[in-house]
Amino acid sequence: MKTVLPLGAAGDLATAGGKGASLARLVGAGMPVPGGFVVTTGAYRAFTAAFRDEMLEAAAAGDDARIAGLFAAHDLPADLADDIRAGYAALGDGVPVAVRSSATAEDLPDLSFAGQQDTYLNVRGDTLLDAVKRCWASLWNPRAIAYRDRNRVPHADVALAVVVQELVDADAAGVLFTADPVTGARGETVINAAWGLGEAVVGGHVTPDTVVVSEGKVTRSRTGDKAVMTVRTGDGTRERPVPAELRRAPVLDERQAVELAALGQQAEKLYGTPMDVEWARRDGAFVILQARPITALGRQHEEWNDSLKGDYLWTAGNLGEAIPDVMTPVTWSFVRLFIAEAMSASTIPGFDLVGNIGGRFYMNLSIAFSVARAFGLRSRRSALEQVFGRVPAGLDVPMLDASRWELLRRVLPVAVQVRRRVRRNLRGMRAFLAASPQRAGELRARIAAISDPAELAGLADREILPYLVTACRTLEAAGRQGGATLVLTRVRLTKMAGETDAEAMLTGANADGELASLGLLVGLGRVAAGQLSREEFARRHGHRGPHEFELSAPRPGEDPAWLDAQLAGLRELPDDPETLLERQREAAEAAWDRFARRHPRRVAGMRRRVRRWNAVVRDREAARSEVVRAFWVLRAYVLRAGELTGHGDALFFLEREEIAAVLRGDTAPLAEVPVRRATYERYAALPAYPALIVGRFDPVRWAADPDRRADLYDARGGVPPEDTVTGFPGAPGVVEGVARLIGRPEDGDRLRPGEILVTTLTNVGWTPLFPRAAAVVTDMGAPLSHASIVARELGIPAVVGTGNATMRLRDGDRVRVDGERGTVEVLG
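Residues numbered from 1 in each chain as written. Predicted model: local features only at pLDDT ≥ 70, side-chain atom pairs only at ≥ 80, totals over all residues. Heavy atoms only, no water.

A. Inspection of the overall build of the protein at higher detail. Looking only at helices and strands, the protein features 29 helices and 26 strands. Considered along the principal axes of its C-alpha atoms, the protein spans approximately 105 × 60 × 55 Å. Of the contacts formed within the protein by residues at least 6 apart in sequence, a portion of 68% connects residues at least 24 apart. Surface summary for the protein: the accessible area is close to 34,500 Å², and the carbon and sulfur share equals 50%. (Helix = DSSP H or I, 4+ residues; strand = E, 2+ residues; numbered from the N terminus. Contact = heavy atoms within 4.5 Å. Areas by Shrake-Rupley, 256 points an atom, 1.4 Å probe, with all protein chains shown as cover.)

Written as structure tokens, this is what we have:
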């Protein structure tokens with residue numbers, strides 16, 4: 001373990017803390033930074049290991065004196081002391097240094113922690129060792145503890161590195177901000193300057209000069225009455241009166257102010273955000289002492305929030321499970337086209353079927369409920385829940401502001417048009433599904449070969465967009481060919497055979513032709529068995545993944561390391577996917593035998609109905625897979641557009657029409673990129689929003705609420721949260737085991753074979769984890785969702801659409817999952 005590192009090689013936040021990592025970044029960029037070194041967080045942890053528990057106990061009790069005593073009572077290990085002395089000696093003989101804290105929760109984009117720990121100036125010789133210890137101890141002073149508590153930073157998560165840096169004997173110093181910290185105005189650098197060391201400015205002991213620089217010139221300035229200055233002494237620092245002739249004299253002339261502002265802009269460019277920079281001047285030359293993002297400065301943002309359009313019930317279920325991420329603007333623009341072509345039957349002119357709430361995809365369930373009521377469907381709630389997931393009992397669903405006759409007048413013409421379109425597109429469905437993989441491969445190859453931006457725009461108009469539209473219309477046709485088959489078959493079979501046998505009898509979607517939802521998993525098994533090459537796997541299944549609609553996200557087919565990791569996971573399994581599928585086929589036949597004994601005259605008809613069910617499921621999933629493949633083509637198009645125009649990933653923050661304009665030479669849309677990128681990053685930093693939203697929702701305020709709910713947000717107050725964990729029976733079976741809460745499939749290696757997977761939602765990208773799980777429990781989902789279909793085919797017990805599993809269950813709980821009753825119980 002490295003305990004001392006030169007400042008230029010100080011490493012990352014975890015090793016060097018915020019200040020150390022920032023200074024290392026400045027040094028690496030060639031900026032003028034005084035020499036020094038970092039005593040790493042590893043040294044801190046090694047030193048405090050013997051009394052860490054006692055220290056955390058004292059912090060919880062607010063006993064900072066006890067903590068200070070613990071640090072004072074322990075000596076630095078001899079090897080660590082030697083390393084610090086060696087680092088100091090490398091700076092020169094008896095060089096005075098500044099000893100500053102560098103916490104792992106410091107100088108971050110949203111939390112600076114400035115001034116919370118202690119700084120020691122003009123330290124020399126063996127007093128350095130004591131200064132390092134005292135700096136470490138200051139992580140636990142009352143103001144630092146209170147700051148962490150206020151910002152919900154766990155005490156156990158922080159560690160402190162120490163920056164030891166040559167103390168510049170400055171004749172002037174101060175701070176600068178590369179954006180106005182009061183007004184937030186970009187394009188202005190605000191400089192505070194005073195005589196002597198910078199502590200007088202930072203500590204607020206003097207009224208500094210203020211100089212504002214914009215576009216390479218001073219636009220305004222004010223000279224302060226600088227009464228005191230901090231200077232170096234033989235044993236530290238102290239304040240002295242400023243000589244009379246300097247009190248009201250400007251510290252910087254215009255040339256120096258412009259030079260200093262340019263250093264600030266260099267730091268802002270390096271970090272990509274407005275910066276707060278501490279600087280010093282010695283013998284006419286400027287140096288940077290530290291730099292951090294301006295945390296109090298709000299970045300410019302747009303508001304992506306369709307919940308503000310009215311009082312509706314929005315759901316992230318169903319299609320939202322396939323689009324789980326905050327979307328970049330280009331993804332959202334293509335998703336809107338997808339919805340217009342694939343779900344036109346669900347639209348009502350004048351109302352938005354889907355919305356973008358804080359960058360995330362939601363569907364407007366108020367439309368479906370209003371239409372069902374207009375048509376007099378008494379069981380509308382139950383039928384809709386089969387598709388979109390549970391709506392809490394007692395929740396009053398807001399309806400559209402339109403009369404029954406108005407709704408019928410708007411809906412019926414659309415329904416007639418869609419019926420005709422579905423019949424037409426069904427005729428070409430088989431041919432499209434067969435040809436689509438090769439067509440996608442050809443388009444991606446042609447995109448890669450194009451060298452002229454305008455030619456790429458033309459290809460998009462002529463072939464890429466029509467290919468996407470055809471894929472979307474094929475999905476619409478595939479999903480609607482069976483009418484109510486998907487919902488009614490399951491309901492009828494359950495009444496006749498019971499939940500357990502009905503779920504077993506419904507399996508087989510993967511039997512008469514590959515089910516696309518299982519393609520990723522089955523393909524992996526075949527690669528592991530040597531039956532399928534890696535190249536063929538990428539061609540067939542490389543477009544599928546957990547983020548398959550997001551155009552900025554790489555696909556598994558682009559990442560050989562992804563395939564390696566999945567194959568390694570398969571080797572840990574007691575049974576391969578084919579074994580699980582065969583076992584479930586045997587269970588299905590046994591269930592059919594029992595059904596035949598109870599209902600001998602109904603077997604043939606029910607088998608026809610279930611075969612129809614499986615065919616519709618297969619077609620729907622195959623068509624969805626080809627839509628996703630089309631989105632892979634769109635990703636290739638946007639990436640190539642970025643390469644040809646030289647604007648790279650900036651194009652992910654444009655809409656599709658804007659990308660076409662940029663390809664044809666219009667750069668005006670690029671002006672929107674910085675604000676949209678900032679908006680995307682702001683929303684992406686928030687936790688996933690509730691599965692159901694009623695009314696106007698503010699994602700940022702919700703995320704800041706310690707009592708927030710992940711199942712439901714109701715601006716009206718809503719129904720109380722449920723204490724029990726219940727949902728739809730996704731696949732039958734009773735299992736006891738350890739609950740493992742997994743937030744992303746990328747963290748799936750935390751799930752050990754035989755544990756119970758508990759998560760917010762699943763989609764195709766989660767499928768490789770299923771054989772590892774003894775059972776699956778999800779917040780979102782319905783009997784026709786991905787988790788239910790895949791769990792049913794593999795014979796893995798599942799409870800889906802609980803709404804609150806990730807709220808009520810803790811990682812490591814021992815639980816009982818009953819996939820027949822749809823319950824999850826925490827065991828003692």
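B. Layout of the pattern of salt bridges. In the structure shown here, the tally under the stated rule is 58 salt bridges. One salt bridge in this structure joins Glu406 and Arg409, with 2.6 Å as the shortest N-O distance. With Glu406 and Arg409 both in helix H15 (residues 404–427), this residue pair falls 3 residues apart, about one helical turn. Among the residues examined, Glu406 registers a relative accessible area of 22% and is labelled partly exposed. The exposed category is assigned to Arg409, whose relative accessible area is 53%. The partner of Arg744 in a salt bridge is Asp747, with the nearest N and O atoms 3.2 Å apart. The network of salt bridges with common partners includes Glu341, Arg421, Arg473 and Glu476. (Salt bridge = Lys/Arg side-chain N within 4 Å of Asp/Glu carboxyl O. Buried < 20%, exposed > 50% of the residue type's maximum accessible area, 1.4 Å probe, protein only.)

C. Looking closely at empty space enclosed by the protein. For the structure shown, the criterion picks out 3 cavities of 30 Å³ or more. Approximately 110 Å³ is the volume attributed to the largest cavity. Every element with two or more residues in the lining of the largest cavity is listed here: strand E3 (97–103) and strand E5 (160–166). Of the residues in the lining of the largest cavity, the class split is 8 nonpolar, 2 polar and 3 charged. (1 Å grid on protein atoms, 1.4 Å probe; cavity = no way out; pocket = protein on both sides within 12 Å on 5 of 7 lines; lining within 4 Å. Points joined across faces, edges and corners; volume = space filled by probe spheres on them. Nonpolar A, V, L, I, M, F, W, Y, C, P; charged D, E, K, R; others polar.)

D. Inspection of the environment of Leu270 at higher detail. Residue placement: Leu270 occurs in helix H10 (residues 254–271). Along the primary structure Leu270 and Val228 are separated by 42 residues, whereas in three dimensions their C-alpha atoms are 34 Å apart. Those residues in contact with Leu270 that sit more than four places away from it in its chain are Arg25, Leu26 and Ala29.

E. Summary view of the side chain of Arg792. Position of Arg792 relative to the elements: it lies in helix H28 (residues 786–794). In this view, Arg792 contacts Arg490, Glu503, Leu506, Thr507, Gln584, Trp613, Gly730, Ala731 and Pro783; residues no more than four positions away in its chain are not counted.

F. Structural view of the packing of aromatic side chains. Applying the stated criterion across every chain yields a total of 19 aromatic pairs. A centroid spacing of 5.8 Å and a plane angle of 45° characterise the contact between Trp304 and Tyr683, whose relative ring orientation is tilted. Here Trp304 is found in the loop between strand E13 (285–293) and strand E14 (313–315), whereas its partner Tyr683 is found in helix H26 (residues 673–684), with 379 residues between them in sequence. Taken individually, Trp304 and Tyr683 each receive the classification buried, so the pair is uniform in this respect. Judged by centre distance (5.9 Å) and plane angle (80°), the rings of Trp592 and Phe595 are edge-to-face. You can see Trp592 and its partner Phe595 sitting in helix H23 (residues 577–598), 3 residues apart, about one turn around the helix. The same class applies to Trp592 as to Phe595, namely buried. Members of the aromatic cluster, joined through ring pairs, are Tyr44, Phe47, Phe51, Phe71 and Trp136. (Phe/Tyr/Trp six-rings, centres within 6.5 Å; stacked < 30°, edge-to-face > 60°.)

G. How the structure looks around the sheet that holds strand E22 (residues 756–759). Strand order in the open sheet formed by 8 strands is E19-E26-E25-E21-E22-E23-E24-E20, with mixed pairing between adjacent strands. Edge strands, defined here as strands with exactly one partner in the open sheet, are strand E19 (725–726) and strand E20 (728–731). For E22 and strand E23 (residues 775–778), the ladder comprises 4 bridges, and the chain directions are parallel. When the bridges of E23 are listed, Ile756 appears paired with Ala775. (Pairing = 2+ DSSP bridges.)

H. Geometry of the nonpolar core. Residues Phe338, Phe361 and Phe631 are the most contacted members of the largest nonpolar core, which totals 99 residues. By residue number, the principal contributor to this core is helix H17 (residues 453–480), which donates 12 residues. (Core = buried A, V, L, I, M, F, W, Y, C linked by side-chain atoms within 4.5 Å.)

I. Inspection of the pairing of strand E8 (residues 209–214) at higher detail. Burial of E8 is extensive: 6 of the 6 residues sit out of reach of the surface. The alternating pattern of E8 places Asp209, Val211 and Val213 and Thr210, Val212 and Ser214 on opposite faces, both of which are buried. Relative to E8, strand E7 (residues 189–195) runs antiparallel, the two being bridged by 5 bridges. In the strand pairing of E8, Ala193 is matched with Asp209. Inspection of the sheet shows E8 paired to strand E9 (residues 217–222) by 5 bridges, in the antiparallel sense. Residue pairing across strands places Thr210 opposite Arg222, the latter belonging to E9.

J. Focus on a nonpolar patch on the surface. A contiguous nonpolar surface patch, about 270 Å² in accessible area, is contributed by Phe375, Leu377 and Leu412. The class of Leu377 is partly exposed, set by a relative accessible area of 45%. (Patch = residues over 30% accessible without salt bridge, like charges linked within 9 Å, V, L, I, M, F, W, Y side chains within 5 Å.)

K. The arrangement of helix H1 (residues 13–28) in detail. Between its terminal C-alpha atoms H1 stretches only 15 Å, short of the 22 Å expected from 16 residues at 1.5 Å a residue. In the structure, H1 departs most strongly from a straight axis at Lys19, where the bend amounts to approximately 85°. For H1, the full list of buried residues reads Ala16, Gly17, Gly18, Lys19, Gly20, Ala21, Ser22, Leu23, Ala24 and Leu26. In the core, the buried residues of H1 are packed alongside strand E2 (36–39), helix H2 (41–48), E3, E5, H10 and E13. Within two residues after H1, Gly30 carries a phi angle of roughly 80°, on the positive side. (Expected span 1.5 Å × (residues − 1). Bend = angle between axes of the 7 residues up to and from the residue.)

L. Structural detail: a positive patch on the surface. Where like charges cluster on the molecular surface, the positive patch consists of Arg419, Arg420, Arg423, Arg424 and Arg427. Following the sequence through the fold, Arg419 ends up in helix H15. (Lys, Arg positive; Asp, Glu negative; His and termini not counted. Charge placed at Lys NZ, Arg CZ, Asp CG, Glu CD.)

M. Seen up close, H28. Taking burial as the measure, the 9 residues of H28 include 9 buried ones, the bulk of the element. Turning to H28, its buried residues number three or more, namely His786, Ala787, Ser788, Ile789, Val790, Ala791, Arg792, Glu793 and Leu794. After H28 finishes, the residue Gly795 shows a positive phi value of roughly 75°.

N. Representation of unusual backbone geometry. Positive phi values are uncommon outside glycine, yet Asn122 reaches one of about 55°. Among the secondary structure elements, Asn122 is positioned in strand E4 (residues 120–123). You will see that Asp283, though not glycine, has its phi angle at about 55°, which is positive. For Asp283, the position within the fold is in the loop between strand E12 (275–282) and E13.

O. Main features of the environment of Leu260. Along the chain, Leu260 turns up in helix H10. The sequence separation of Leu260 and Ser517 amounts to 257 residues, and the corresponding C-alpha distance is 59 Å. Contacts of Leu260, omitting those with residues within four sequence positions, involve Leu176, Ile191, Leu252, Trp279 and Phe286.

P. Main features of the side chain of Thr41. In this fold, Thr41 is placed in helix H2. Look at Thr41 and you get buried, because its relative accessible area is 2%. Once residues within four sequence positions are removed from consideration, Thr41 is found in contact with Ala14, Thr15, Gly17, Thr104, Ala159, Leu160 and Ala161.

Q. Structural view of the sheet that holds E4. Reading across from one edge, E1-E2-E5-E3-E4 is the order of the 5 strands in this open sheet, with antiparallel pairing throughout. The outermost strands of the open sheet, each flanked by one partner alone, are strand E1 (4–6) and E4. Along the sheet, successive strands turn relative to each other by an average axial angle of 25°, direction set aside. Sitting on the sheet, H1 touches E1, E2, E3 and E5, and the angle it makes with E3 is about 125°. (Axes fitted to C-alpha atoms, helices over the stretch in contact; angles between N-to-C directions.)

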